[in-house]
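# A closer look at the structure
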Amino acid sequence: MLGSTLGFGLMAIFIRLASKNIPTWEVAFFRNTFGFLALLPMLALPALRQPRPAAAFAASVHTDQLPRYVVRTAIGIGSMFCGFWAIAHLPLAQAISLAYSSPIFVTIAAILMLGERVRARRWTAVALGFFGVLVIVRPWSHAFSLGTLVAVAAAVLSALVAIQIKQLSQTDKADTIVFWTYALWVPMSLLPSLFVWHWPTGLEWLWLAATGLMGTVGQLLWTRALKLGDVSALTPISFMQLPVVTFAGWLLFGETVDAATLAGAGIILGATFYIAHREAQLARQQRTSAPSEAVEPGV
């Protein structure tokens, strides 16, 4: 989980560096393209050990849920664009803090879409998490910026994606979900990027390639961490992404963190930790899969 946190933190830094001259849609396209290129060998390796590698690979990624993947990836592209835009235009600490509010929206979406029951303690955590979001966004203050609502929109859309992944995981394997997500992400992000295309030059290619590589590394390590450990124990480690990007924002971009962002981030992280802890308890009791609130950060 610590390696995953570092991977996603570096991805955010490279997104900011690449976004200096490259439009957000194009950054998303290259993140998906380079990420897919890094992922394919890992997905194909087990099939190469079989007598008929092509047939084995096709069988490993077969799905009967392709229309649902189209919807899932379309929402995911929206979440990615909003999240990348927030990283490019907001202070890094603020953008990442608001991204961690996604589990709060997952809890609400699970009630509405999956019929899950939520009792008073988790409702309290959700309410506190919302309060933390308001502390950062400050809609009542002169410091309010519409850009912060873009970061909140990214968290809401990410929550919808998490619910859909939970539904898809009931019929499809993890490798299948990851393959079709990337296979559809690449063309979906290419089309809008063509309208704002700017050919990368020099170091921009390095930033874009590193964005895709770090995103894929973070994703794979995150998935592996949840298989090996308890989400309630791993969640606090994932919060290390915030000080990493905060330090990078100060060192590379001269950013400072105000008291409201620190306070709101603390409230959101506390609420997120409790939700993850409670969901892990329920998952163990019911012997279900990993809780839906274990939302992958940075996607």
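Predicted, not measured: the structure shown is a model, and the values here were computed from it.

Bringing the overall build of the protein into the picture now. Counting secondary structure elements, the protein contains 13 helices and 0 strands. Walking the protein from its N terminus toward its C terminus, one meets helices and strands in the order α-α-α-α-α-α-α-α-α-α-α-α-α. Compactness check: the protein gives a C-alpha radius of gyration of 19 Å against a globular reference of 19 Å for 299 residues, within 12% of the reference. Overall, the protein is about 60 × 55 × 30 Å in size when its C-alpha atoms are taken along their principal axes. Put simply, the protein has 299 residues, and 50% of those count as buried. Once local pairs closer than 6 in sequence are excluded, the contacts in the protein between residues at least 24 apart make up 87%. Positive and negative side-chain charges in the protein, numbering 19 and 12 respectively, have mean positions lying 8 Å apart.

Counting residues in each nonpolar core, the largest one holds 61 residues, and the members touching the most others are Val-27, Ile-87, Ile-96 and Leu-98. The leading source of residues in this core is helix H2 (residues 24–48), at 7 residues. Residues contacting Val-27, with those up to four places away along its chain left out, are Ile-15, Ala-18, Ser-19, Ile-22, Phe-84 and Leu-208.

This part takes up the side chain of Ser-189. One can find Ser-189 in helix H9 (residues 174–193). With sequence-adjacent residues up to four places away left out, Ser-189 is seen in contact with Trp-25, Ala-28, Phe-29, Asn-32 and Ile-77.

Inspection of every chain in the model, using the stated rule, returns 3 salt bridges. Put simply, Asp-258 and Arg-138 hold a salt bridge, and the shortest N to O gap is 3.1 Å. One end of the pair, Asp-258, is in the loop between helix H12 (241–253) and helix H13 (259–286); the other, Arg-138, is in the loop between helix H7 (120–137) and helix H8 (146–168), and 120 residues separate them in sequence. Classification of Arg-138 by relative accessible area gives buried; the value is 13%.

Next up on the list: a nonpolar patch on the surface. Taken together, the side chains of Leu-191, Leu-194, Phe-195 and Val-196 make up a nonpolar region of the molecular surface, amounting to roughly 450 Å² of accessible area. Examined against the element boundaries, Phe-195 turns out to sit in the loop between H9 and helix H10 (203–228). On the accessibility criterion, Phe-195 (72% relative accessible area) is exposed.

Two elements in contact, helix H6 (residues 102–114) and H7, have axes separated by 9 Å at closest approach and are oriented at 135°. For the element pair H6 / H7, the angle class is oblique. Remark: the crossing between H6 and H7 carries left-handed chirality. Listed contacts from H7 to Ile-104, Phe-105, Thr-107, Ile-108 and Ile-111 of H6 are Trp-123, Val-126, Gly-129 and Phe-130. Its residues assigned to classes, the contact of H6 with H7 comprises 7 nonpolar, 2 polar and no charged.

Moving on: the environment of Ile-104. Mapped onto the elements, Ile-104 comes out in helix H6. Owing to a relative accessible area of 1%, Ile-104 belongs among the buried residues under this scheme. Non-local contacts of Ile-104, meaning those with residues more than four positions away in its chain, are made with Val-126, Gly-129, Phe-130 and Ile-275.

Taken over all residues, the pLDDT of the protein has a mean of 89, while the share at 70 or more is 95%. A low-confidence stretch, residues 288–294 stays under pLDDT 50, and its non-local contacts, those more than four residues away or across chains, total 19 contacts.

On to the packing of aromatic side chains. For the coordinates displayed, the defined rule picks out 16 aromatic pairs. With a centroid separation of 5.3 Å and 80° between ring planes, the pair formed by Phe-30 and Trp-205 is classed as edge-to-face. With a gap of 175 residues between them, Phe-30 in helix H2 and Trp-205 in helix H10 connect regions that are remote in the sequence. Assessed through its relative accessible area of 6%, Phe-30 is described here as buried. Here Trp-205 falls in the partly exposed class, since its relative accessible area comes to 33%. Ring centres 5.7 Å apart and planes at 40° place the aromatic pair Phe-247 and Trp-250 in the tilted group. One end of the pair, Phe-247, and the other, Trp-250, are both in helix H12, 3 residues apart, so they sit about a helical turn from each other. Taken together, the aromatic side chains of Phe-29, Phe-30, Phe-34, Trp-197, Trp-199 and Trp-205 make up a single cluster linked through ring pairs. A cation over an aromatic ring shows up here: Arg-16 above the ring of Phe-253, its NZ or CZ 4.8 Å from the ring centre.

Turning next to H9. Think of an α-helix as 3.6 residues a turn; residues three or four steps apart then line up on the same face. Over its 20 residues, H9 runs 28 Å from end to end, which matches the ideal 28 Å to within 8%, given 1.5 Å per residue. All buried positions along H9 are accounted for by Thr-176, Ile-177, Val-178, Phe-179, Thr-181, Tyr-182, Leu-184, Trp-185, Val-186, Ser-189 and Ser-193. As for H9, its buried residues are in contact with H2, helix H3 (53–60), helix H4 (66–89), H8 and H10.

This next bit is on the environment of Val-245. Summarising the element assignment, Val-245 is placed in helix H12. Along the primary structure Val-245 and Leu-10 are separated by 235 residues, whereas in three dimensions their C-alpha atoms are 7.8 Å apart. Beyond its immediate sequence surroundings of up to four residues, Val-245 is in contact with Gly-9, Ala-12, Leu-92 and Ile-96.

Cut-offs and rules
Residues numbered from 1 in each chain as written. Predicted model: local features only at pLDDT ≥ 70, side-chain atom pairs only at ≥ 80, totals over all residues. Heavy atoms only, no water. Helix = DSSP H or I, 4+ residues; strand = E, 2+ residues; numbered from the N terminus. Rg over C-alpha atoms; globule rule 2.2 N^0.38 Å. Buried < 20%, exposed > 50% of the residue type's maximum accessible area, 1.4 Å probe, protein only. Contact = heavy atoms within 4.5 Å. Lys, Arg positive; Asp, Glu negative; His and termini not counted. Charge placed at Lys NZ, Arg CZ, Asp CG, Glu CD. Core = buried A, V, L, I, M, F, W, Y, C linked by side-chain atoms within 4.5 Å. Salt bridge = Lys/Arg side-chain N within 4 Å of Asp/Glu carboxyl O. Patch = residues over 30% accessible without salt bridge, like charges linked within 9 Å, V, L, I, M, F, W, Y side chains within 5 Å. Areas by Shrake-Rupley, 256 points an atom, 1.4 Å probe, with all protein chains shown as cover. Axes fitted to C-alpha atoms, helices over the stretch in contact; angles between N-to-C directions. Parallel < 35°, antiparallel > 145°, perpendicular 65-115°, else oblique. Left-handed = near helix turned anticlockwise from the far one by under 90°. Nonpolar A, V, L, I, M, F, W, Y, C, P; charged D, E, K, R; others polar. pLDDT = per-residue confidence, 0-100. Phe/Tyr/Trp six-rings, centres within 6.5 Å; stacked < 30°, edge-to-face > 60°. Lys NZ or Arg CZ within 6 Å of the ring centre and 35° of its normal. Expected span 1.5 Å × (residues − 1).

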